[in-house]
Amino acid sequence: MFRAIMILLTFVAHSVAAQSPLTATEFDAYTRGKTLFYGFGGQAYGVERYLPNRRVIWSFLDGKCMEGVWYEQEDQICFIYEDQLAPQCWVFTEFGGGLIAQFEGDPTATELYEAEDIGEEMLCYGPDVGV
């Protein structure tokens, strides 16, 4: 069974590598107005809401949400969030009816995939309030 899973994962990785990266226009058309959950290693990783004018809200599913913006740079979609001004760039491809995001287009780096509906809503709690 383990061998079959590894063969399948290898096939998926090679198939993803062969896909063309989404352009900014394609990425915007796919994501605008949606809230997408992303997985990593078979576990829920985070959720992002895509708003008009290339604005986003990201959460690691912990109720802490960060607002940001995205832009295209070469073949990558880069995000800047309010708490981190260094851009985080990803190569997005569409595969099997969902998105796959590879960090900086590096096949050895983090790869997130659009998770199916996990039956959760994006929760954003208010700012921390002191005593």
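Anyway, here's the lowdown on the structure attached to this text. In this text, all values refer to a predicted model and were calculated from it rather than measured experimentally.

1. With respect to the overall build of the protein
A tally of helices and strands in the protein yields two helices and eight strands. Listing every helix and strand of the protein by position from the N terminus yields α-α-β-β-β-β-β-β-β-β. Split into buried and exposed, the 131 residues of the protein put 31% on the buried side. In the protein, of all internal contacts separated by at least 6 residues, the share reaching a separation of at least 24 is 38%. If you sum the accessible surface of the protein, you get close to 8500 Å²; carbon and sulfur atoms cover 55% of it.

2. Let's talk about the pairing of strand 1 (residues 35–40)
Both strand 1 and strand 2 (residues 43–51) contribute to a ladder of six bridges, which runs antiparallel. Bridged to Tyr-38 within strand 2 is Gly-46. What sits between the antiparallel neighbours strand 1 and strand 2 is a turn of two residues, in which Gly-41 has the positive phi angle 60 degrees. Pairing of strand 1 with strand 8 (residues 111–114) involves two bridges; the strand directions are antiparallel. Along strand 8, the bridge assignment pairs Gly-39 with Tyr-113.

3. Concerning the packing of aromatic side chains
Applying the stated criterion across every chain yields a total of twelve aromatic pairs. With centroids separated by 6.3 Å and ring planes inclined at 75 degrees, the aromatic side chains of Phe-27 and Phe-79 adopt a geometry described as edge-to-face. With Phe-27 in helix 2 (residues 24–31) and Phe-79 in strand 5 (residues 76–81), this residue pair connects regions lying 52 residues apart in the sequence. Each member of the pair Phe-27 and Phe-79 is classed as buried.

4. A closer look at the nonpolar core
Among the nonpolar cores identified, the biggest contains 19 residues, and Phe-27, Tyr-38, Tyr-50, Trp-70, Phe-79, Phe-92 and Leu-99 are the most heavily contacted of them. Elements supplying a minimum of two residues to this core: helix 2, strand 1, strand 3 (55–59), strand 4 (65–73), strand 5, strand 6 (84–95) and strand 7 (98–103). Non-local contacts of Trp-70, meaning those with residues more than four positions away in its chain, are made with Ala-24, Phe-27, Asp-28, Arg-54, Val-56, Ile-77, Cys-78 and Phe-79.

5. Quick notes on the side chain of Gln-76
Note on placement: Gln-76 falls in strand 5. Residue classification places Gln-76 among the buried positions, given a relative accessible area of 18%. Residues in contact with Gln-76, not counting those within four places in the same chain, are Tyr-71, Cys-89, Trp-90, Val-91 and Glu-104.

6. Considerations on helix 2
Within helix 2, the full set of buried residues consists of Ala-24, Phe-27, Asp-28, Tyr-30 and Thr-31. For helix 2, the buried positions fall inside an angular range of 165 degrees around the axis, keeping them on one side. For helix 2, the exposed residues set more than 90 degrees away from the buried face come down to Thr-25 and Ala-29.

Definitions and cut-offs
- Residues numbered from 1 in each chain as written.
- Predicted model: local features only at pLDDT ≥ 70, side-chain atom pairs only at ≥ 80, totals over all residues.
- Heavy atoms only, no water.
- Helix = DSSP H or I, 4+ residues; strand = E, 2+ residues; numbered from the N terminus.
- Buried < 20%, exposed > 50% of the residue type's maximum accessible area, 1.4 Å probe, protein only.
- Contact = heavy atoms within 4.5 Å.
- Areas by Shrake-Rupley, 256 points an atom, 1.4 Å probe, with all protein chains shown as cover.
- Pairing = 2+ DSSP bridges.
- Phe/Tyr/Trp six-rings, centres within 6.5 Å; stacked < 30°, edge-to-face > 60°.
- Core = buried A, V, L, I, M, F, W, Y, C linked by side-chain atoms within 4.5 Å.
- Arc of directions from axis to C-beta.

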